[in-house]
Amino acid sequence: QVRVVESGGGLVQAGKSLTLSCAVSRSASQFNAAGWYRQPPGKQRELVATISAVGRTNYASSVKGRFTISRDNAWNTVYLQMNSLNADDTGVYYCTLGAFQGTAYYPNSSWGQGTQVTVSS
């Protein structure tokens, strides 16, 4: 599996913004999509944003209109721009590469260490 390394997390005040980055290891051409997950404390991971090979994006309802997923053309880096953050956005964020089967996204990369985002209110 392709390795990913997330970075950019930290402590931020409610209403402010953060941009997360995901560095992707070599040989990523086998994937045609990427997705960001997050795991709040004591809860399971949830998929928050995906981007397809043609740049189509989808978002969980809780982040729609506030988060933007993007990537560079070579799939070297995947980004998550997060605006208007609130306390419910707190958690460990994970980047994945994967593929769509129909409208469902399936991650294929190994899980990285994630990056912690803490929003104070």
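Presented here is an overview of the structure given in this document. (Residues numbered from 1 in each chain as written. Predicted model: local features only at pLDDT ≥ 70, side-chain atom pairs only at ≥ 80, totals over all residues. Heavy atoms only, no water.)

Turning our eyes to something else, we now look at the nonpolar core. With 26 residues, the main nonpolar core has Trp-36, Val-78, Leu-80, Met-82 and Tyr-93 as its most contacted residues. Considering each element in turn, this core owes the most residues, 4 residues, to strand 3 (residues 18-24). Once you skip the residues sitting within four places of it in the chain, Met-82 turns out to touch Lys-16, Ser-17, Leu-18, Leu-20, Arg-66, Phe-67, Tyr-93 and Val-117. (Core = buried A, V, L, I, M, F, W, Y, C linked by side-chain atoms within 4.5 Å. Buried < 20%, exposed > 50% of the residue type's maximum accessible area, 1.4 Å probe, protein only. Helix = DSSP H or I, 4+ residues; strand = E, 2+ residues; numbered from the N terminus. Contact = heavy atoms within 4.5 Å.)

Now for the pairing of strand 7 (residues 67-71). In this structure, strand 7 lies alongside strand 8 (residues 77-82), joined through 5 bridges in antiparallel fashion. Bridge pairing in strand 8 places Phe-67 opposite Met-82. Hairpin remark: strand 7 followed by strand 8, antiparallel, with 5 residues in the connecting loop; positive phi at Trp-75, about 60 degrees. (Pairing = 2+ DSSP bridges.)

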